[in-house]
Each structure stands twice: as C-alpha cells, then as structure tokens.
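# Understanding the architecture of this molecule
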Amino acid sequence: MAFLAGKRALIVGVATDRSIAWGIAQAMHREGAELAFSYANDRLKERVEPLAASVGSRVTMPLDVTSDEQIDAAFERIEREWGHLDAVVHAVAYAPREALTGGFLENTSRDASRIAHDVSSYSLTALARGSRPLMQGRAGAILTLTYLGAVRSIPNYNVMGLAKASLEANVRFLAADLGPLGIRVNGISAGPVKTLAAAGITGFRRMLNRVAEVAPLRRNVTLEDVGNAAAFLCSDLAAGITGEILYVDSGFSTVGMSFPAEAED
Ligand code: NAP
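The paragraphs below set out a description of the structure included in this document. (Residues numbered from 1 in each chain as written. Predicted model: local features only at pLDDT ≥ 70, side-chain atom pairs only at ≥ 80, totals over all residues. Heavy atoms only, no water.)

### Side note on the site of the ligand
Put simply, the rule reads: Distances are taken per atom, and a residue is near a molecule or strand as soon as one of its heavy atoms is within 4 Å of it. Whenever a nitrogen or oxygen atom comes within 3.5 Å of another N or O atom, the pair is scored as a polar contact, on the condition that within protein one atom can donate a hydrogen and the other can accept it, and that pairs from neighbouring residues in sequence are kept only if both atoms are in side chains. Using the Shrake-Rupley algorithm and a 1.4 Å probe, accessible areas are obtained, with residue cover drawn only from the displayed protein chains. Numbering of helices and strands runs from the N terminus, with a helix taken as a DSSP run of H or I at least four residues long and a strand as a DSSP run of E at least two residues long. For this classification, the nonpolar set comprises Ala, Val, Leu, Ile, Met, Phe, Trp, Tyr, Cys and Pro, the charged set comprises Asp, Glu, Lys and Arg, and every other residue, Gly included, is treated as polar.
Within the structure, the ligand sits among 31 residues, and Ser-19, Ile-20, Lys-164, Val-193 and Thr-195 are positioned closest to it. Val-65 is positioned with one of its backbone polar atoms (N or O) 2.9 Å from a nitrogen atom of the ligand. A distance of 2.7 Å is found between an oxygen atom of the ligand and a backbone nitrogen or oxygen belonging to Val-193. The fraction of the free accessible surface of the ligand (870 Å²) that becomes covered by protein chains is 89%. Those elements giving two or more residues to the shell around the ligand turn out to be α2 (42–54), β5 (141–146) and α7 (196–199). In terms of residue class, the shell around the ligand is made up of 21 nonpolar, 7 polar and 3 charged.

### Things to note about the pairing of strand β4 (residues 87–90)
The line we're drawing: For each residue, the accessible area found with a 1.4 Å probe, counting protein chains only, is set against the maximum for its type, and the residue is called buried under 20%, exposed over 50%, and partly exposed in between. Two strands pair under a simple rule: DSSP has to find at least two bridges between them.
Side chains Ala-87 and Val-89 project from β4 onto one buried face, and the interleaved Val-88 and His-90 project onto a second face that is buried too. Note: strand β1 (residues 8–12) against β4, 4 bridges, orientation parallel. Residue pairing in the sheet places Ile-11 in a bridge with Val-89 of β4. When β4 meets β5, the two strands line up parallel, connected through 4 bridges. Note on β5: the bridge partner recorded for Ala-87 is Ala-141.

### Points about helix α8 (residues 204–214)
Rules: To obtain the arc, one takes the directions from the helix axis to the C-beta atoms. Any pair of residues with heavy atoms lying within 4.5 Å of one another is described as a contacting pair.
Regarding α8, the residues found buried are Phe-204, Met-207, Leu-208, Val-211 and Val-214. Within α8, the buried residues cover an arc of 155° as seen down the axis, which keeps them to one side. Residues of α8 that are buried make contact with α7.

Right, dumping it as structure tokens:
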C-alpha cells in the first residue's frame, strides 16, 4: 500500500518543476498523500497552480513566509479545507544575491544576515507554530531542507551557511517542543541540485562537478532521491525519527579525502 495514504500535507517552496519541493510533492503524491501548495507571490501563482492541478490538488494559496498575516491566512485556509494537517514541507531559503558571492567578511552585511535568517530559518518556527493546532492528536511531521554549508565552510555560500546552521538548530528545538505532542521535526541536507535558488550562488556548477568527482556515488543527487527520502521522513515509517538531519548527498559529506582518477600517481 502507498505509505502516505490518508495523509494531508502542505508543500511550501515550489517555484518551478525543478524545485526540490516539487520533487518531494511528486514522491508524496505517488505514495498517496493529498497535497496543498503555497506560492510566494503572484508571479509564482501562475506556475504553481498548473503543477498542483497535475497532482490532483485544488488547494493553493499565497504565502510569503515573511508575513505573519499570510501565514495565519494559510493555516486558516487549511483548517477550512481539511480541518487538520499531517505534514508540512518547508523548502524555502533566500539571501540577497550579493551576499552569495566572494569573501564572507566583505559580503556579509547586517541586512543580508537579517533577511537570510528571517526567510530561511525563522520561517520554520513560524510554520511550526501555525501547524501545531492542526496536527494536535495526529502523528504530525514537519520537514525542512538544509545544506552542508550549515556545518562546513563552502565557497560563496557565506551568510546562507549561518542561516542553515540556525535552521538545523531550529529543527532540534522544535523537535524537543513538539515531540511530546507526537509531532516530529526533521531536515534533509541535500547535495547540490540545479534549481532557481541554486543559480543565485556563485560557482554553483563547480559545486555540482566537485560532488560528481569525489562523492562515493560519483554522481549528483536527483529530485527523486530527495523526494523519496522526504516522503519517508513524512510517513509513519519514520515514526521513531525526530530532531534529525538526514544527508541525501551521494555520501559527499562522509568523505575526508578523495583522489579523482586523473590525479593518481
Ligand atoms: P527553488 O526552486 O528556487 O525554491 C526556493 C523557494 O523558496 C522558491 O519557491 C522561492 O520563491 C521560495 N521563497 C523565497 N523567499 C520566500 C518567501 N519570503 N516566502 C515564501 N517563499 C519564498 O530552490 P530549491 O533549491 O528547490 O530550494 C528549496 C530548499 O532546498 C531551500 O531551503 C534550499 O536552501 C534547499 N537546498 C537546496 C539545494 C540545492 O542545491 N538546490 C541544496 C540543499 C538545500 P521565489 O522564487 O519567489 O524566491
């Protein structure tokens, strides 16, 4: 049987059919979940609505995660439509483009830092607060997307690494708060995937090449790889897992040293 049958999930962060959130939505739909989608602005509404319709979803809503009013309205809409919620996927991040290039010290301003943390980390706290009453008495699951830059310095990732470190701490604090209610909170640390957000990071192609060269699996991860792991973490198959960051990165983060074939002597 499909392992998400009977579950209802809100997917936050679809921008295109290359978005990680869309890979997750497809896997969750395949496993029987009923889905609702948010879009960050009117421009994305036109892209998200047809994608939602293609997986049988008619519940779509505006949600800029920097707006408390829009967050409240989104959860009120879910309550009207479904009365409850089983899962929330948070796949949202943003930092001003000029902060995602060059030296960390030179390019990390107070403003960029505030914006990156607000959109990319605090938003998880806000969505968890909105979800809690709708997940009451259910085996709820909250899932976010993070990156290795939370725990290692990565060229050009800069302030986003700080925001992701905050996001990963957020996962652990939320897991402690919500665990007694039966709600689990986890993150997936995905390897690089070519998306709109990724295009904003200087040298992104070099990151893809590096992973393909040295990761144990010698390839980059796909939307399907991340989607399948996300569907599992949102399901009752993962009932004993919370506060965890699961690496879906072809094993890249586990390698201490690797010699590409052409470098052999
Ligand atoms: P994406 O397709 O560009 O998705 C990012 C989404 O965040 C977009 O829908 C974007 O909308 C949305 N967003 C930005 N600001 C927002 C706001 N204020 N309110 C609501 N939504 C907002 O890129 P993605 O790579 O799939 O990113 C999804 C998540 O995966 C992010 O957390 C990212 O850091 C993480 N991740 C990505 C990679 C990678 O290599 N791609 C690796 C590890 C982790 P707009 O387009 O309007 O800004």
